[in-house]
Amino acid sequence: MPPAHPFDDDKLREECGIFGVIGVNDAANFVALGLHALQHRGQEAGGIVVHHPEHGFNSARRFGYVRDNFTSASVMETLPGPIGIGHVRYSTAGNKGNTAIRDVQPFFGEFSMGGAAIAHNGNITNANTLRRELIERGSIFQSSSDSECIIHLMARSMGRSIPDRMEEALRKVEGAFSVVAMTRTKLVGVRDPLGVRPLVLGKLGDGWVLSSETCALDIIGAEFLREIEPGEMVVISEKDGVQSHFPFRPRKSRFCIFEHVYFSRPDSVLGGRSVYETREAIGRELAKEAPVEADLVCPVPDSGTPAAIGYSLQSGIPYAMGIIRNQYMGRTFIEPSEQIRNMGVRLKLNVNRALIRDKRVILVDDSVVRGTTSRKIKEMILDAGAKEVHFRIASPPTAWPCFYGVDTPQREKLLAATMSEEEMREHLQVDSLAFISLDGLYRAVGEANGRDPKQPQYCDACFSGEYPVRPADMLEQGFQMKAAE
């Protein structure tokens, strides 16, 4: 599937979204709504698996948006039952950009004690090693996804129940994983010991819900109860409710800080904090750290908006919608000719010329990855008659790739990996460029004393190069980690 627009590769890609529900009529309808709310986490493909006492397990997997695939009665009628799980995908492992339908989750396996389906958000950093071992022992893989390793490990387990087998399998897995899974009668949720990726628990009438984010609970009218704890496994049944235990060796939490900056929807709640309010606080912190004289503060839509509002409030410089986003620019847009494609950013964003002309403009964006989009936006602003352009970035420089479920370019393609801040400013050809500091970002997410360098409170490897889980597969392929200081 072609990218939605020519500069799609200039953003860090959301990983995946997972959702599960038990104890409701027509679970698939609720799963589809939940996946729709999580669409920002993956637009490449989606899948739903359900179970009905009479009809057994049924599944549907499709490329494209949830709204285009899981809203037709003819599809949803094939997915009956009171329990179901779903997944929206952007490939972070396997055949990136060349997905086969067999790569689309949830994955299903038939075991001696019955069937089970599993959906995974994150990345298994020792997947290549596990896959080699499993294939040598006779496993036959159907997909290129790292997540399929979990099903094969479960098949080889001697556990008496499917949750027991999953527990044993996940003990062999390294990296980041939030998992929702289902059997005929149980819904299971697990987070890795570091809690890198999110997972929350909700209540819907007499039923229960697991979701990547709280915004998906809101769409179905479910009550947010709590986050699944790092290293926690919950097994939920209509008969026994929620049973919780902690099967992994306890470790200090290292939640992904970029969830606060960009990935999560602004109307979600993370760690008891509104994502929107956190992003506004990032903007305020950025205004304190990197003030500049200007006439307008403008967000780069949509992800830069809350931070731009915070920057404006802190600095006293008026906030303005200097760039307008075309809301209808999606993956269904016709594949344009080369001439049209070269228009690039204008397919998605347009400058509000009357507002920008003769103004000194501060542009606030969430991140700079390759820098291609930033240059195009700067050119558009100058073409509209701006006197000055100042970039303010609501995250530290992204200088290292993520191996925990985010699709980042190779390190040499990250602008901040090869250039200093001043070199980046010259490359982007702007009047000034400033990123929030790592300590400033930590303060904005609620850590008053900033980052603890001895025991960082979050996973910030994409900024710091300090990986909390050794990326075994990537090291095997020659990746060079940051030298110890």
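**Q** Help me understand the pattern of salt bridges in this model?
**A** Once their charged atoms are close, side chains differing in charge can pair, the charge on each being opposite to the other. What the rule picks out here adds up to 18 salt bridges. The salt bridge involving Arg132 is made with Glu476; its shortest N-O contact spans 3.2 Å. With Arg132 in helix α4 (residues 127-136) and Glu476 in helix α18 (residues 472-476), this pair connects stretches of sequence that are 344 residues apart. Glu280 is the partner of Arg284 in a salt bridge, and the nearest nitrogen-oxygen pair spans 3.7 Å. On the criterion of helical spacing, the pair formed by Arg284 and Glu280 is a turn pair, its members being 4 residues apart in helix α9 (residues 275-289). With relative accessibility at 29%, the residue Arg284 sits in the partly exposed group. According to the relative accessible area criterion, Glu280 is buried, its value standing at 18%. Taken together, the shared-partner salt bridges connect Arg41, Arg197, Glu213 and Glu259 into one network.

**Q** Please clarify how the sheet that holds strand β13 (residues 241-245) should be interpreted in this entry.
**A** Neighbouring strands of a sheet are bound in pairs by backbone hydrogen bonds; such pairs are parallel or else antiparallel. Spatially, 6 strands are ordered β5-β6-β7-β8-β12-β13 in an open sheet, and the strand pairing comes out antiparallel. A strand with exactly one partner marks an edge of an open sheet, and here the two such strands are β5 (107-111) and β13. Mean inter-strand twist for the sheet, computed between neighbouring axes without regard to direction, equals 20°. The pairing of strand β12 (residues 233-237) with β13 spans 5 bridges and is antiparallel. In the strand pairing of β13, Ile236 is matched with Val242. Those strands touched by helix α6 (residues 162-171) are β5, β6 (114-124), β7 (175-182), β8 (186-191), β12 and β13, and its axis lies near 15° from that of β8.

**Q** Before we go on, may I ask you to explain the side chain of Ser157 in this structure?
**A** Within the secondary structure layout, Ser157 lies in the loop between α5 (148-156) and α6. Accessibility expressed as a relative area gives 2% for Ser157, which makes it buried. Within the structure, Ser157 has its side chain in polar contact with the side chain of Glu168 (distance 2.9 Å).

**Q** Just to check I follow, could you spell out the pairing of β8 for this structure?
**A** As a general feature of sheets, a regular strand has side chains that alternate between the two faces. In terms of burial, β8 is largely enclosed, as 5 of its 6 residues are buried. The antiparallel pairing of β7 with β8 creates a hairpin that spans 3 residues between the two strands.

Calculation criteria
Residues numbered from 1 in each chain as written. Predicted model: local features only at pLDDT ≥ 70, side-chain atom pairs only at ≥ 80, totals over all residues. Heavy atoms only, no water. Salt bridge = Lys/Arg side-chain N within 4 Å of Asp/Glu carboxyl O. Helix = DSSP H or I, 4+ residues; strand = E, 2+ residues; numbered from the N terminus. Buried < 20%, exposed > 50% of the residue type's maximum accessible area, 1.4 Å probe, protein only. Pairing = 2+ DSSP bridges. Axes fitted to C-alpha atoms, helices over the stretch in contact; angles between N-to-C directions. Contact = heavy atoms within 4.5 Å. Polar contact = N/O pair within 3.5 Å; in protein donor to acceptor, adjacent residues only side chain to side chain.

In short, the description is geometric, and any link to function would need to be established separately.
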